[in-house]
Amino acid sequence: MITLKILTPYHIKVSEEYIHLKLEHQFFSIYINDEEYQFVPNESKEIIVNRKTGEIFNTDATFAFQKVEEVVYIPMSKLIYHPHFLNQVFQIAKPYYQKEEKTRDVDKAEIDLIILELEQQNKRRLIDKALDNRDEELFYKLIQML
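Residues numbered from 1 in each chain as written. Predicted model: local features only at pLDDT ≥ 70, side-chain atom pairs only at ≥ 80, totals over all residues. Heavy atoms only, no water.

Caption draft 1: The overall build of the protein, seen in detail. Scanning the protein for helices and strands turns up 4 helices and 8 strands. If you list the helices and strands of the protein from N to C, you get β-β-β-β-β-β-β-β-α-α-α-α. Against the 2.2 N^0.38 benchmark of 15 Å for 146 residues, the protein shows a C-alpha radius of gyration of 30 Å, more extended than a compact globule. Expressed as lengths along the three principal axes of its C-alpha atoms, the size of the protein is roughly 95 × 35 × 20 Å. Counting the 146 residues in the protein, one finds 29% classified as buried. Contacts spanning at least 24 positions in sequence make up 53% of the contacts within the protein whose residues lie at least 6 apart. (Helix = DSSP H or I, 4+ residues; strand = E, 2+ residues; numbered from the N terminus. Rg over C-alpha atoms; globule rule 2.2 N^0.38 Å. Buried < 20%, exposed > 50% of the residue type's maximum accessible area, 1.4 Å probe, protein only. Contact = heavy atoms within 4.5 Å.)

Structure follows, in structure tokens:
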């Protein structure tokens, strides 16, 4: 059974699309069957996270862990099934996620145009309702408002 002991990147590099969590042996270790193994940078040396989706990009990476002379290789595809590992990665990467722009500047003319269109749609609905109710007087009154 694999358990995460510590996961702290020694360096974080942020590009437009990805967050690169650079790993070093003293900052990444795991327990395998209650025995501690230290990360060794023999194979993959980083975890790459997509800034937009928050997904781990390099799922094909393999990490090496060593205890005395024994070296164990664990693929990222196996590590991502451990909630504590995923939680640590996402907590580290979270401040670097791209934030979508939620607001935009709208000028008064654009707002007025939107309001006018909504009013027209509302009048058409009222006309439809008058037709459904066979209210001839209201129908002709609403037609004049268009």
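Caption draft 2: Spotlight on the sheet that holds strand β7 (residues 62–67). On the basis of which strands lie adjacent, the open sheet formed by 5 strands has the order β1-β4-β5-β7-β8 and antiparallel pairing. Edge positions in the open sheet fall to β1 (2–7) and β8 (70–75), since each of these has one partner strand only. Across this sheet, the average inter-strand angle for adjacent strands is 35 degrees, counted without regard to direction. As paired elements, strand β5 (residues 35–40) and β7 share 3 bridges and run antiparallel to each other. The residue bridging Gln 38 from the neighbouring strand is Gln 66, located in β7. On the sheet, helix α2 (residues 83–93) packs against β1 and β4 (28–32) and is oriented at approximately 25 degrees with respect to β1. (Pairing = 2+ DSSP bridges. Axes fitted to C-alpha atoms, helices over the stretch in contact; angles between N-to-C directions.)

Caption draft 3: Seen up close, the nonpolar core. By size, the foremost hydrophobic cluster in this structure holds 24 residues, and its most contacted members are Leu 7, Phe 28, Ile 30, Ile 47, Phe 63 and Phe 85. At the level of secondary structure, the elements contributing two or more residues to this core comprise β1, β3 (18–22), β4, β5, β6 (46–50), β7, α1 (76–79) and α2. By residue number, the principal contributor to this core is α2, which donates 4 residues. (Core = buried A, V, L, I, M, F, W, Y, C linked by side-chain atoms within 4.5 Å.)

Caption draft 4: Examining helix α3 (residues 108–132) more closely. Taking 1.5 Å of rise per residue, 25 residues should cover 36 Å, and α3 covers 36 Å from first to last C-alpha, within 8% of that figure. Taken together, the buried positions of α3 are occupied by Gln 120, Lys 123, Ile 127 and Ala 130. Taken together, the buried residues of α3 touch α4 (136–145). Residue Arg 134 follows α3 closely and has a positive phi angle near 55 degrees. (Expected span 1.5 Å × (residues − 1).)

Caption draft 5: Broad picture of the packing of aromatic side chains. Here the structure, examined in full by the defined rule, presents 8 aromatic pairs. Their ring planes at 80 degrees and their centres at 6.0 Å tell us that Phe 28 and Phe 63 sit as a pair that is edge-to-face. Pair noted here: Phe 28 is in strand β4 and Phe 63 is in strand β7, with a separation of 35 residues, a long-range link. Overall, Phe 28 belongs to the buried group, its relative accessible area being 0%. In this structure Phe 63 comes out as buried when scored by relative accessible area, which is 0%. Between Phe 28 and Phe 85, the ring centres sit 6.4 Å apart and the planes meet at 25 degrees, which makes this aromatic pair stacked. Here Phe 85 lies in helix α2 and Phe 28 lies in strand β4, a separation of 57 residues in the sequence. Taken together through their ring pairs, the aromatic side chains of Phe 28, Phe 39, Phe 63, Phe 65 and Phe 85 make up a single cluster. (Phe/Tyr/Trp six-rings, centres within 6.5 Å; stacked < 30°, edge-to-face > 60°.)

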